[in-house]
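Observations on the three-dimensional arrangement
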Amino acid sequence: MTATADPQQLSYIAAQAADARVNIELETEGMTLNIGPQHPATHGTLRVIVRLDGERVVAAEPVMGYMHRGYEKLAEVRTYPQVTTLVNRIDWLGSFANEVPFILAAERLMEVEAPPRAKWIRTALFELSRIANVVLFLGDMGVQLGAVTPVFFAFRDREFVLNQIEAVTGGRFHPNFDRIGGLKDDLPKGWIEETRGVLGRIRTFCDEMEDLVVGNEIFQARTRGIGVIPADVGLSYGLSGANIRASGVDWDLRRDSDMGLAHGELDWKVWTHPDGDSFARYWVRLQEVREACTIVEQCLDGIPSGPVMAKVPRIIKVPAGEAYAETENPLGVMGYYIVSKGDLVPYRVKIRSASFNNVSITPWVLEGTYVPDVISILASLYFILGDIDR
Amino acid sequence: MDEAPVAVEADEARDAVVAALADALGDGLVASEVQPGVDAWVRVTADAWVAAGEALRDRCGMRYFNFLSAIDWQPSPYGRDMDAQVDGPEAREPEPREPGVTGGDTRFQLLARVHNPDTGIGVHVKADLVGDAPEVDSWIPVYPGADWHEREAWEMFGISFRGHPNQVHLYLPGAFEGNPLRKDYPLLARRIKPWPGIVDVELMPGDDSDDDADSSGGDAEGGDDE
Amino acid sequence: MSTLTLAVELAYWQQTTIRAVVALVAVLIPAGTLVYLFLFKMMSFMQSRLGPMEAGPYGSLQLLAEVGKFLQKEDVLPRKADRVVFKAAPFVVLISTFLLVLVIPGGPDAFFIDVDTGIFLALAVSSISVIGILMAGWASSSKYSLLGALRATGQLIAYELPLVLAVMGVVIQAGTLNMQGIVMAQAEGEIFGFGAIGNPFIITQFLGFVIFLIAVQAELTQPPFDMPVAESEIVTGYLTEYTGMRFLLFFIGEFATAGIFSALAATLFLGGWYVPGLDPTDNLFNVIGPLVLMGKIILVAFLIFWFRFTYPRFREDQLQTLAWKVLIPLSLVNIVVTGVLKVLV
């Protein structure tokens, strides 16, 4: 089970792609199809070169870099507070969650800890951005399979979540709200009650998706048994998040390690599914949105009072050292490895983003599937282009 | 995550990992560091790189491949680009290398992290790579997920992986030259335009302007603007 | 539009001209109605949005705006396209649509043509569109188009069979292939002696109706059978390279065919232009018949579009499985049962 098919085949594909012919050469042995970079199903600019025999995929090779922004290099010339502005743009659907692991890693190096109130608000915002992110997946999966209606419901209800995030942070998509040592600001008045209402809407949305998508026989026919990823393979490729939990691996950083957020003090459940197919990935994510609602609700009930900012110097210099912090982001495990030399700027930042690993399994999992399944598998792996290309 | 309360305790699980590695690799294990309750690092020789991966996977249950990358320990000849001026001096005296956790002797250091999903413990593996265009054995036979990470390390740092089936550019265009994440690769935007952002700390109303970079005493309220 | 309804005798060429104009209207009006009513409005309401609201009251003139937009666009031909075939393909599809509308009666004397093999003709000419689609896909010189066209061909051929077999039950019951005859059989028929509402075949041929609707859905390449145009997989299949006017022709063809297949279903299973309780030979039906038919078309089209907006799409092999392993055996059973009952009762 190596990552790629045989190297000659791959170089053949690369050669085929290089000349980027629009026109077909109809060869009896197969044809090369470019899915992307401009393609409705790649939501972003992922390109998958597939070698087809009829509609069966002989070999598939994703090509990315169309959106590579070089954040690891750029982070080396920005001060620590400025880096959060960059990393906001990695997974743009759940931006706040991108900031958290970076801040946690920096806090670990500085040996400061956010006050409890900040931790709880962080947890609430973290899970709200998970909802905002995954809700869109729940609708989008329908579109990829040809059902147009769910995505409109998703956009409708996500808007309420974004409103709540905006009410706190001032930014719908790029909050840039997390600070080393706490948060920029406290919650606005009346926010807690409003958020409860929004959570109710999201729960209704989840029920709608359960009826409209999960319960649909065609959806099940299209996703059950498709793109099966066994647990071992998933682990060796570094799949994370719902993708690996759908393969039956009961592993969630929020529960299994001390991320530095308030999850450990809350009562919630990690969902897994034994099948490892596209359906399982969808189902697990659906349950996770519900679970996130539970988490946020408990956060709202239990936010302690106190300051939202610890004592940190105005100008942040991070002591020399290395630290790695990872959190269970909407797309999977996201981590930052920070090398500091006691300076205003980090010496090196390695960004471990979830989608990069999640998509790296595609050559393995796409082999032998049909073109329609390519779409459903890619959609169910759920990647954000910014999270692959960084 | 706060390491202070548990700093004195021993971390048996992470120590066990290091011990297992020492047992499996012998001289291959150069150095190790365990921050109890937080994290663990091991440094192996480049020759023991694949063996270290196998030992971690098979003996320590580190089935989960997290990431693979590298660190360029040679500071940039252009300085830290914080105070870069357009007409500033181009290259400077090279600063000395200061290796981080578990030390290091060479410019390039390979860095990978694997994880045990059952115990929730991860370990960073480092390896010193000799030379300016170093080579090391590929981890793909051990962790197939290393494929793309090695391609990334190859184009970003110029580290070749022996046995990699498809060592081509991952992000960069095919004809791209240079290894952008090497420290001596200039960030062009900083070379042609000064960066105003480095002094963007806004003062609170009524604050004095002498709150300079050395005020680590923590008297300010830290960006908490109303 | 036959001579009886008109006060004056018309020459053959005059009649023909009138029929041609009416046929054009009969294609475009249902198509426009369906697009506005279902694609613009009903779909929007189902998706909790308003749909077009700016052009005209409740966006009713949006359709004209869309047509105007398409007409303004440049007619782009792919460089390596087979130009003649590429240009001809939309017209071939439209020909199929226009030929289809001819057999549908709007009243006892309001019809375009009255042939004894009406439904046979309809099913035969409905297959012409496959040729147009295949032409479009091949001539576009695009892989997506080719895949789409091949999918369309496989699908349309597979679903022609259940479509025909579903109609067979109706034909057996009515005892005629003539569309007027089928409407009359429903108007004057009775269900096991109960004849107050006639015998709309949807009651006795319910299985046939369901199979017919599923097959129509596949013939129209609408979700859940829209693999030939599956925009998330192969962009828009055979439509990928088309723009402007030619795309509009395909678009009109798609929705006009949806309207006409609805009309076929209404005629075959819902009694066509007939309303129970009135004398089917009454001259009144020449006036209200087309309106009644339109109402029934909207009913059937509602079902078609409801499926369209709700379901995800099948995979190509699942679709073939459904056609060959479920629909065809079921429709064969339907034919046998209908035949046996026809002989016995």
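Nothing here was measured: the structure is a model prediction, and the numbers come from that model.

**A look at the overall build of chain B**
Helix and strand counts for chain B come out as four helices and seven strands. Expressed as a percentage of its 226 residues, the buried residues of chain B come to 53%. Taken as a whole, chain B presents about 10300 Å² of accessible surface, with 50% of it coming from carbon and sulfur.

**Re the overall build of chain A**
Looking only at helices and strands, chain A features 16 helices and eight strands. The globule rule puts the C-alpha radius of gyration for 390 residues at 21 Å, and the 21 Å found for chain A is close to it. With the principal axes as the frame, chain A shows a C-alpha extent of 70 × 50 × 35 Å. Classification of the 390 residues of chain A by burial places 69% in the buried group. Across chain A, contacts joining residues at least 24 apart in sequence account for 73% of those joining residues at least 6 apart. About 11200 Å² of surface is accessible on chain A, with carbon and sulfur atoms providing 53% of the total. Of note, chain A has its 39 positive side-chain charges centred 6 Å away from the centre of its 51 negative side-chain charges.

**A word on the side chain of Q186 of chain C**
All names here are of chain C. Positionally, Q186 belongs in helix 7 (residues 179–188). Overall, Q186 belongs to the buried group, its relative accessible area being 2%. There is a polar contact of 2.7 Å between the side chain of Q186 and the backbone oxygen of T267. Engagement of the side chain of Q186 in a polar contact is seen with the backbone nitrogen of G271, the distance being 2.9 Å.

**Section: the sheet that holds strand 2 (residues 39–44) of chain B**
All names here are of chain B. In space, the five strands of this open sheet follow the order 1-2-5-4-3, with mixed pairing throughout. Across the chains shown, the open sheet's two edge strands, defined by having one partner strand only, are strand 1 (29–35) and strand 3 (64–72). This sheet shows a mean twist of 20 degrees between the axes of neighbouring strands, independent of strand direction. Of the pairings in the sheet, the one linking strand 1 to strand 2 comprises six bridges and is antiparallel in character. The residue of strand 2 that forms the bridge with E33 is W41.

**A look at the confidence of the model for chain B**
All names here are of chain B. Averaged over every residue, the pLDDT of chain B is 74; residues scoring 70 or more account for 73%. In the predicted structure, residues 209–226 sits below a pLDDT of 50 and forms 29 contacts with residues beyond four places in sequence or in another chain. Prediction confidence for the complex, expressed as pTM and ipTM, is 0.81 and 0.79 respectively.

**A word on the sheet that holds strand 1 (residues 31–35) of chain A**
Across the sheet, which stays open at both edges, the three strands sit in the order 1-2-3 (chain A) with antiparallel pairing between neighbours. Two strands close off the open sheet at either side, each with one partner strand: strand 1 and strand 3 (56–63) of chain A. Strand-to-strand twist in this sheet, taken as the mean axis angle between neighbours without regard to direction, amounts to 20 degrees. Pairing of strand 1 of chain A with strand 2 (residues 47–53) of chain A involves five bridges; the strand directions are antiparallel. Within strand 2 of chain A, the residue paired with M31 of chain A across the bridge is L52 of chain A. The sheet strands contacting helix 6 (residues 143–174) of chain C are strand 1 and strand 2 of chain A, and the helix crosses strand 1 of chain A at an angle near 105 degrees.

**Let's talk about the interface of chain A and chain C**
Chain A puts 37 residues into the contact, and the matching count from chain C is 30 residues. Roughly 3000 Å² is buried in total at the junction of chain A and chain C, and carbon and sulfur atoms are behind 60% of that figure. Where chain A touches chain C, the interface holds one salt bridge. Scanning the region where chain A abuts chain C turns up seven residue pairs in polar contact (both at pLDDT 80 or more). Breaking the side of chain A that touches chain C down by element, the ones donating at least two residues are strand 1, helix 5 (116–144), helix 6 (149–169), helix 8 (217–223) and helix 15 (371–381) of chain A.

**Concerning the side chain of D252 of chain A**
Along the chain, D252 of chain A turns up in the loop between helix 10 (242–245) and helix 11 (253–256). At 2.9 Å, the side chain of D252 of chain A and the side chain of R254 of chain A are in polar contact.

**Quick word on the packing of aromatic side chains**
In total, this model carries 35 aromatic pairs over all chains according to the counting rule given. Each ring, one from W271 of chain A and one from W283 of chain A, has its centre 5.6 Å from the other, and the planes form 80 degrees; the classification is edge-to-face. Taken as a pair, W271 of chain A in the loop between helix 11 and helix 12 (278–302) and W283 of chain A in helix 12 lie far apart in primary sequence, 12 residues in all. Taking the relative accessible area as the measure of exposure, W283 of chain A reaches 19% and is therefore buried. Between Y242 of chain C and F250 of chain C the ring centres are 4.9 Å apart and the planes differ by 75 degrees, which places this aromatic pair in the edge-to-face class. Chaining the aromatic ring pairs together yields one cluster made of F38, F70, F247, F251, F255, F302, F305, W306 and F309 of chain C. Positioned over the ring face of F160 of chain A is R201 of chain A, at 4.0 Å from the centre of the ring. Looking at R285 of chain A, its charged tip hangs above the ring of F137 of chain A, at a distance of 4.6 Å from the centre.

**Digging into the pattern of salt bridges**
Opposite charge on two side chains makes pairing possible when the charged atoms of those side chains draw close. Residue and element names in this part refer to chain A. Within this structure, the stated rule accounts for 45 salt bridges over all chains. One salt bridge connects D157 with R156, and the closest N-O pair in it is separated by 3.2 Å. In this structure, E193 engages R196 in a salt bridge whose closest nitrogen and oxygen atoms are separated by 3.3 Å. Of this pair, E193 and R196 both sit in helix 7 (residues 191–214), three residues apart, which is roughly one turn of that helix. Overlapping salt bridges bring together E127, R130, R245, D252, R254, E288 and E328 as one network.

Conventions we followed
Residues numbered from 1 in each chain as written. Chains lettered and ligands numbered in written order. Predicted model: local features only at pLDDT ≥ 70, side-chain atom pairs only at ≥ 80, totals over all residues. Heavy atoms only, no water. Helix = DSSP H or I, 4+ residues; strand = E, 2+ residues; numbered from the N terminus. Buried < 20%, exposed > 50% of the residue type's maximum accessible area, 1.4 Å probe, protein only. Areas by Shrake-Rupley, 256 points an atom, 1.4 Å probe, with all protein chains shown as cover. Rg over C-alpha atoms; globule rule 2.2 N^0.38 Å. Contact = heavy atoms within 4.5 Å. Lys, Arg positive; Asp, Glu negative; His and termini not counted. Charge placed at Lys NZ, Arg CZ, Asp CG, Glu CD. Polar contact = N/O pair within 3.5 Å; in protein donor to acceptor, adjacent residues only side chain to side chain. Pairing = 2+ DSSP bridges. Axes fitted to C-alpha atoms, helices over the stretch in contact; angles between N-to-C directions. pLDDT = per-residue confidence, 0-100. Buried area = accessible area lost by both parts, 1.4 Å probe. Salt bridge = Lys/Arg side-chain N within 4 Å of Asp/Glu carboxyl O. Phe/Tyr/Trp six-rings, centres within 6.5 Å; stacked < 30°, edge-to-face > 60°. Lys NZ or Arg CZ within 6 Å of the ring centre and 35° of its normal.

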